[in-house]
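Structural characterization, general
Here are the chains, one letter per residue:
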Amino acid sequence: MKRYIILAGSLFCASVTMQSCLDYDDPGDERSQNTVQTETTHHVGDVDNIPYHTQPTQEGVAEAIQTLKKYRYLNQSITAQYSMRGGKEGNAPASHAYQRQYSLGPDLYAQYFTVPHKDFMYGTLTSTYNISAEFNNGPLGAYTMAKNALMPLLNHPMVDSIPEIKAINLLYYCIAAQEQADLSGPFTYFEDKQNSEEPAIYNDLKSIYYGIVENIDTITACLNSFSSRPDWYKKQIESLMREYCKTTYTKDDVSMSSYIKLANSLKLRMAMHIVKVEPATAQKWAEEAVAGGVIDNKNEQHGQFPANYGSPHPLVEIANSWGDLRLCASFESLLMSLDHPYSKYLFLPNSYDIINRNSGEVTPAGTKICGIRAGILVGDGQTFTLNKRQAYSTFDNTVVAAKGCPLYFIKWAEVDFLRAEGAIRGWNMGGDAKTFYERGIRNAYLEDPNQATQYSKYVKAYMNMEEPVEYVNVDPIGDGPDWPSVTKIGVKWNEADDNETKLEKIITQKYIALFPLSTEAWTEMRRTGYPKMFPVQNPDDGDGSLDYGEIIRRIPWVPTDPVAAGLVEASGIPALDGADEQATRLWWDVDKPNF
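Our subject in this report is the structure included herewith. (Residues numbered from 1 in each chain as written. Predicted model: local features only at pLDDT ≥ 70, side-chain atom pairs only at ≥ 80, totals over all residues. Heavy atoms only, no water.)

With that settled, consider the overall build of the chain. For the chain, the helix and strand inventory stands at 22 helices and twelve strands. A compact globule built from 595 residues would reach a C-alpha radius of gyration of about 25 Å, and the chain, at 23 Å, matches this within 12%. With the principal axes as the frame, the chain shows a C-alpha extent of 80 × 55 × 45 Å. Looking at the 595 residues of the chain, the share that counts as buried comes to 64%. Sequence-distant contacts in the chain: of pairs separated by 6 or more residues, those separated by 24 or more amount to 74%. Counting only carbon and sulfur atoms, one obtains 49% of the accessible surface of the chain, whose full area is about 21000 Å². Taken together, the 54 basic and 75 acidic charged side chains of the chain have centroids lying 5 Å from each other. (Helix = DSSP H or I, 4+ residues; strand = E, 2+ residues; numbered from the N terminus. Rg over C-alpha atoms; globule rule 2.2 N^0.38 Å. Buried < 20%, exposed > 50% of the residue type's maximum accessible area, 1.4 Å probe, protein only. Contact = heavy atoms within 4.5 Å. Areas by Shrake-Rupley, 256 points an atom, 1.4 Å probe, with all protein chains shown as cover. Lys, Arg positive; Asp, Glu negative; His and termini not counted. Charge placed at Lys NZ, Arg CZ, Asp CG, Glu CD.)

This is the structure we're talking about:
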């Protein structure tokens with residue numbers, strides 16, 4: 001029998017046997033061929049237990065693989081991997097799901113982009129912080145689809161016969177769960193892992209974080225023991241990895257080392273998130289992660305790579321075919337103030353003449369990189385004829401599409417910036433802050449690392465910038481006064497800087513390196529207050545909890561039906577320890593100095 005749950009105001013299927021949700025933004029879609037075929041047993045296993053000490057038998061492993069393939073549980077692993085970066089129903093990342101997950105929420109909150117118009121096929125979005133019933137839960141859909149795909153596999157008793165495959169898929173779940181936790185806060189984490197058909201208990205963020213890290217430690221222990229397995233067993237596992245694990249940078253990479261480093265890098269990321277609320281635990285987790293091995297070269301990066309699945313980054317269609325995104329003025333000002341390489345080759349100047357509605361001054365086409373100020377109340381239209389903001393800057397498709405911009409889970413440059421921050425905090429990061437900071441900048445470009453990039457032509461001079469360039473943001477249409485840049489730091493590393501200045505440099509460069517992974521960029525903005533950004537206009541267009549100059553701290557659940565509202569009231573709000581509002585800080589988001 002099929003059951004449904006209401007989570008945060010959106011309808012999601014929770015059937016265990018058929019697993020795969022219909023696309024959360026289009027309930028009329030057909031089911032994927034990757035859907036788990038019906039079994040008669042509802043499995044509820046022990047997801048946290050990975051029995052890697054048990055000696056495998058050829059008969060047991062063969063039976064497990066046959067069963068998990070027959071009922072397509074292993075196929076659902078691919079569904080989950082793709083769904084975490086804009087895929088659905090077993091298909092590679094594409095524009096519709098990606099837009100729901102990122103472009104109408106975190107991409108705007110991180111101030112990478114601004115939406116230049118308000119009308120969409122399924123609703124409206126009038127400004128950056130507007131609460132849209134149609135779109136508010138889109139960012140939560142990535143986790144929901146990944147969880148619904150993975151839990152039947154992770155709870156199936158047969159997966160215990162191939163523990164490394166269980167460990168890798170549990171790692172995928174950990175990544176999805178961490179991102180979910182940092183978007184809205186508490187969710188039904190423990191019941192989700194039990195494959196519950198009707199989860200009702202929201203777990204607090206601290207419990208979720210500790211649970212994920214406990215899983216990471218088990219995962220790395222399991223994968224580290226793989227080298228002692230029999231050769232026949234290794235061949236079977238490596239064959240499964242080639243067929244069902246689609247997140248390695250090098251296609252068909254079956255090295256356990258890269259998964260170990262992915263797990264430890266996730267632990268390092270989470271350690272830094274909690275540095276202001278539990279500094280001792282943060283240091284412990286971070287040093288354990290580095291000692292266990294973190295991502296340390298381009299081939300160890302994980303995510304979704306267009307070179308592997310054969311289509312470009314979804315942003316290409318969202319921004320440049322649909323006209324649904326334009327460069328945010330805050331990001332424009334940051335890049336121009338630092339004379340960043342992206343200002344020279346990635347972002348394009350205005351595509352048409354823009355006339356200032358107040359002075360009549362014309363900004364000729366092709367003369368100015370210009371972003372839209374976050375929070376502006378936008379109008380209608382996806383063409384320049386209807387909406388002059390369509391002429392504002394976007395990125396060059398020949399870079400993002402032709403150069404295979406990856407959709408990272410965790411990027412090498414991010415890990416280096418994490419280690420740089422740990423080093424200035426006095427932690428053992430296996431090196432010094434300057435080395436990690438400078439290496440992070442050199443490898444920060446968004447193009448596929450195997451592609452030739454213009455970034456390398458400019459990066460040496462960029463790294464030697466001691467002071468920012470004087471820059472003033474001018475809105476070509478004339479909405480609002482001119483805004484001088486708020487970026488007052490340079491790029492070049494200076495050991496004489498105090499720790500706060502060093503941190504601002506690290507996070508500012510990390511923010512640029514993360515582009516376009518907005519979920520993590522937004523988290524770092526909330527955690528540290530960096531990089532400095534222009535104030536978001538019209539914050540009252542949200543839920544009324546934000547004052548001018550404040551940034552959004554979380555995505556509210558905003559349930560739209562009585563069942564979901566009851567769960568939020570009874571369980572969600574107590575776990576959150578605050579109102580279901582944009583201004584409510586998450587557990588790790590502590591209002592105190594960075595040092």
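From this point, things continue past the structure.
Moving on, we get to the nonpolar core. In this structure, Ile-162, Tyr-173, Phe-331, Tyr-342 and Phe-347 are the most contacted members of the largest nonpolar core, which totals 163 residues. Considering every element that reaches this core, the biggest residue donor is helix H6 (residues 163-184), with 13 residues. If near-sequence neighbours (up to four positions away) are discounted, Ile-162 is found in contact with Val-61, Ile-65, Leu-68, Tyr-233, Ile-237 and Leu-240. (Core = buried A, V, L, I, M, F, W, Y, C linked by side-chain atoms within 4.5 Å.)

Helix H21 (residues 518-528) packs onto H6 with a crossing angle of 50° between their chain directions and a minimal axis gap of 10 Å. One finds that H6 runs oblique with respect to H21. H6 and H21 meet at a crossing whose hand is left-handed. Residues Gln-178, Glu-179, Asp-182 and Leu-183 of H6 touch H21, and the partners they reach there are Thr-519, Glu-520, Trp-522, Thr-523 and Arg-526. Among the residues making up the contact of H6 with H21, the classes are represented as two nonpolar, three polar and four charged. (Axes fitted to C-alpha atoms, helices over the stretch in contact; angles between N-to-C directions. Parallel < 35°, antiparallel > 145°, perpendicular 65-115°, else oblique. Left-handed = near helix turned anticlockwise from the far one by under 90°. Nonpolar A, V, L, I, M, F, W, Y, C, P; charged D, E, K, R; others polar.)

Cis geometry marks the peptide bond from Phe-515 to Pro-516; its omega dihedral reads 5°. In this structure, Pro-516 sits in the loop between helix H20 (499-514) and H21. With an omega dihedral of -5°, the bond running from Tyr-530 to Pro-531 counts as a cis peptide bond. The backbone of Glu-89 sits at a positive phi, close to 55°, despite the residue not being glycine. Assignment of secondary structure puts Glu-89 in the loop between helix H2 (73-83) and helix H3 (95-103). Glu-89 sits in the buried class, given a relative accessible area of 14%. Backbone geometry places Val-558, a non-glycine residue, at a positive phi of 45°. Topologically, Val-558 is positioned in the loop between H21 and helix H22 (562-576).

Before going further, it helps to examine the pattern of salt bridges. Summed over the entire model, instances satisfying the criterion amount to 31 salt bridges. One salt bridge connects Lys-261 with Glu-300, and the closest N-O pair in it is separated by 2.8 Å. Of the two residues, Lys-261 sits in helix H10 (residues 256-273) while Glu-300 sits in the loop between helix H11 (279-292) and strand S6 (302-304), which places them 39 residues apart along the sequence. Taken as a pair, Lys-261 and Glu-300 share a single burial class, namely buried. Within this structure, Glu-421, Arg-425, Lys-510, Glu-524 and Arg-527 form a network of salt bridges that share partners. (Salt bridge = Lys/Arg side-chain N within 4 Å of Asp/Glu carboxyl O.)

Structurally, Thr-114 is set in strand S3 (residues 113-114). Classification of Thr-114 as buried rests on a relative accessible area of 2%. Of the polar contacts made by the side chain of Thr-114, one reaches the backbone oxygen of Ile-372; its length is 2.9 Å. Not counting residues within four places of it along the chain, the set of residues in contact with Thr-114 comprises Leu-108, Asp-324, Leu-325, Arg-326, Leu-327, Cys-328, Ile-372, Arg-373 and Ala-374. (Polar contact = N/O pair within 3.5 Å; in protein donor to acceptor, adjacent residues only side chain to side chain.)

Here we take up the packing of aromatic side chains. By the definition in use, this model includes 36 aromatic pairs. On the numbers, 6.1 Å between centres and 90° between planes, the contact of Phe-187 with Tyr-189 is edge-to-face. Grouping residues by exposure puts Phe-187 and Tyr-189 together as buried. Seen in terms of ring centroids, Phe-331 and Tyr-511 are 5.7 Å apart; in terms of plane orientation they differ by 90°. Their pairing is edge-to-face. In this pair, Phe-331 is assigned in helix H14 (residues 329-337) and Tyr-511 in helix H20, connecting sequence segments 180 residues apart. The exposure class assigned to Tyr-511 is buried, which follows from its relative accessible area of 2%. An aromatic cluster is built from Tyr-112, Phe-113, Phe-331, Tyr-342, Tyr-345, Phe-347, Phe-395, Tyr-445, Tyr-455, Tyr-458, Tyr-511 and Phe-515, whose rings are joined through pairwise contacts. Just above the ring of Tyr-233 sits the side chain of Arg-229; from NZ or CZ to the centre is 4.9 Å. (Phe/Tyr/Trp six-rings, centres within 6.5 Å; stacked < 30°, edge-to-face > 60°. Lys NZ or Arg CZ within 6 Å of the ring centre and 35° of its normal.)

Take Val-47: it is sitting in the loop between strand S2 (10-13) and helix H1 (58-70). By relative accessible area, which is 4% here, Val-47 ends up buried. Considering only alpha carbons, one finds Val-47 and Asn-215, 168 residues apart in sequence, at a separation of 9.1 Å. When neighbours within four sequence positions are excluded, Val-47 is seen to be in contact with Met-151, Leu-154, Asn-155, Lys-166, Leu-170 and Lys-193.

Right, let's talk about empty space enclosed by the protein for a bit. By the definition in use, this model includes 13 cavities of 30 Å³ or more. Volume-wise, the largest cavity comes out at about 130 Å³. Pro-406, Leu-407, Tyr-408, Pro-516 and Leu-517 are, among the 15 residues lining the largest cavity, the residues nearest its centre. Each residue belonging to the lining of the largest cavity can be placed in one class, and the counts come to twelve nonpolar, one polar and two charged. (1 Å grid on protein atoms, 1.4 Å probe; cavity = no way out; pocket = protein on both sides within 12 Å on 5 of 7 lines; lining within 4 Å. Points joined across faces, edges and corners; volume = space filled by probe spheres on them.)

Of note, Glu-550 is situated in the loop between H21 and H22. For Glu-550, a relative accessible area of 34% translates into the label partly exposed. Along the chain, Glu-550 and Tyr-172 lie 378 residues apart, while their C-alpha atoms are 33 Å from each other. Here Glu-550 is in contact with Tyr-129 and Ser-545, once residues within four sequence places are set aside. A distance of 2.8 Å separates a polar atom in the side chain of Glu-550 from the backbone nitrogen of Asp-547.

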